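Descriptive structure summary
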Amino acid sequence: TPSNINACDDDNNGVLDFDFDILVSPSVLGSQSAADFEVLYFSSQADADSGNSPISMPFTNTTNPQQIFVRIQNALNADCFDTTSFTVKVFDTPVANTVADLPFCDDGLDGSLTNGQMEVDLSAATPAVLGSQSATDFAVSYHTSQANADAGTGALPLTYYNASPFAQTIFVRIENVLNVNCFDTTSFTIEVFLTPTANTPSNINACDDDNNGVLDF
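Residues numbered from 1 in each chain as written. Predicted model: local features only at pLDDT ≥ 70, side-chain atom pairs only at ≥ 80, totals over all residues. Heavy atoms only, no water.

So, the overall build of the chain
If you tally the helices and strands in the chain, you get five helices and twelve strands. Whereas a compact globule of 217 residues would reach a radius of gyration of roughly 17 Å, the chain reaches 31 Å, over 25% beyond that. Based on the C-alpha atoms only, the size of the chain along its principal axes is roughly 120 × 35 × 20 Å. When each of the 217 residues of the chain is scored for burial, the buried share is 35%. For the chain, restricting intrachain contacts to residue pairs at least 6 apart in sequence, the fraction spanning at least 24 positions comes to 62%. Accessible surface, the chain as shown: approximately 12600 Å² in total, 51% of it carbon and sulfur. (Helix = DSSP H or I, 4+ residues; strand = E, 2+ residues; numbered from the N terminus. Rg over C-alpha atoms; globule rule 2.2 N^0.38 Å. Buried < 20%, exposed > 50% of the residue type's maximum accessible area, 1.4 Å probe, protein only. Contact = heavy atoms within 4.5 Å. Areas by Shrake-Rupley, 256 points an atom, 1.4 Å probe, with all protein chains shown as cover.)

Shown next as structure tokens:
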């Protein structure tokens, strides 16, 4: 029995081409010789039992998901056969939309207005990453490296204290919640700007030579 095939669809039309001779036949054969046994594929159990109307490769799925029936037969006597099946399922691949850099003014809550570091809300970028895509269907996570984003590891907390002062690149992963192998990535920069302090100046007391209450300053 081969494993089911879960495939990612780049154009999200639910249709893909498959070559079962490459993807499935080795699993069906196991330790048996391809010289002694032939593996064929069918759209129904009845066809697999009769050996009629085998599927030609490459195969394009007509439904999603779709069950495929397999017949393995003796190359010298087709009456000696066995059957099994597996399922092909095609999943949408999300698009990681471009995110503008996120600017923040240092809030000084860490005790400094000049260190270029603060807690920022990474989820502010999520609507831009998703665009018109559903948050129910696709999950967004944030990472400190492209490698982590590609692997789906080391996700950052949404409330994140930037490790690199003033500017840090954040890598984003958006994945199909039903098949995390279907994903896309993008990146943006956190920018933390210094917040100035308005020091209180002294009041200006001026003498008016013509006593009209008006002066130039």
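Some words on the environment of aspartate 216
Note on placement: aspartate 216 falls in the segment after β12 (179-193). Relative accessible area serves as the criterion here: at 77%, aspartate 216 is assigned to the exposed category. Taking the C-alpha atoms as reference points, aspartate 216 and serine 202, 14 residues apart in sequence, are found 18 Å from one another.

Here's the deal with the nonpolar core
Core analysis: the biggest nonpolar cluster contains 21 residues, and Leu122, Tyr142, Ile170, Phe188 and Ile190 have the highest contact counts within it. Of all the secondary-structure elements, those providing two or more residues to this core are β7 (102-105), α4 (126-130), β9 (138-143), β11 (167-176) and β12. With residues near it in sequence (within four places) discarded, isoleucine 170 still touches Leu122, Tyr142, His143, Leu156, Tyr160, Thr186, Ser187, Phe188 and Ile190. (Core = buried A, V, L, I, M, F, W, Y, C linked by side-chain atoms within 4.5 Å.)

Re a nonpolar patch on the surface
A cluster of nonpolar side chains, Ile204, Leu215 and Phe217, forms an exposed patch at the surface whose accessible area comes to about 380 Å². Counting through the fold element by element, phenylalanine 217 comes out in the segment after β12. (Patch = residues over 30% accessible without salt bridge, like charges linked within 9 Å, V, L, I, M, F, W, Y side chains within 5 Å. Salt bridge = Lys/Arg side-chain N within 4 Å of Asp/Glu carboxyl O.)

With respect to the environment of asparagine 179
For asparagine 179, the position within the fold is in strand β12. When its relative accessible area of 8% is taken as the criterion, asparagine 179 is described as buried. Along the chain, asparagine 179 and proline 94 lie 85 residues apart, while their C-alpha atoms are 11 Å from each other. Apart from residues no more than four positions distant in its own chain, asparagine 179 is found in contact with Asn6, Cys8 and Phe91.

Examining the pairing of β12
Bridge count for β7 against β12 is four bridges, and the pairing is parallel. Within β12, the position partnered with cysteine 105 by the bridge is phenylalanine 193. Alignment of β11 against β12, held across ten bridges, turns out to be antiparallel. Bridge pairing links valine 172 to threonine 186 in β12. Hairpin geometry of β11 and β12 is characterised by an intervening segment of two residues between the two adjacent antiparallel strands. (Pairing = 2+ DSSP bridges.)

A closer look at the packing of aromatic side chains
For the structure on display, the rule yields six aromatic pairs. For the pair phenylalanine 20 and phenylalanine 59, a centre-to-centre distance of 5.4 Å together with 35° between the ring planes defines the contact as tilted. Taken together, the positions of phenylalanine 20 in helix α1 (residues 20-23) and phenylalanine 59 in strand β4 (residues 59-60) put the pair 39 residues apart, joining distant regions of the chain. Here phenylalanine 20 and phenylalanine 59 have matching classes, each one buried. These aromatic residues form a ring-pair network of at least three members: Phe18, Phe20, Tyr41, Phe59 and Phe86. For arginine 71, the ring lying beneath its charged end belongs to phenylalanine 81, and the centroid distance is 3.8 Å. Seen from the ring of phenylalanine 183, arginine 173 lies directly overhead, with NZ or CZ sitting 3.9 Å from the centre. (Phe/Tyr/Trp six-rings, centres within 6.5 Å; stacked < 30°, edge-to-face > 60°. Lys NZ or Arg CZ within 6 Å of the ring centre and 35° of its normal.)

A look at the sheet that holds strand β1 (residues 5-9)
Reading across the sheet, the four strands line up as β1-β6-β5-β3 and stay open at both edges, with mixed pairing between neighbours. Each of the sheet's edge strands pairs with one partner strand only, and the pair in question is β1 and β3 (37-42). Strand after strand, the sheet turns through a mean of 25° between neighbouring axes, direction not considered. Pairing analysis gives six bridges linking β3 to strand β5 (residues 66-74), with the strands arranged antiparallel. Among the inter-strand pairings, valine 39 is bridged to a residue of β5, identified as isoleucine 72. (Axes fitted to C-alpha atoms, helices over the stretch in contact; angles between N-to-C directions.)

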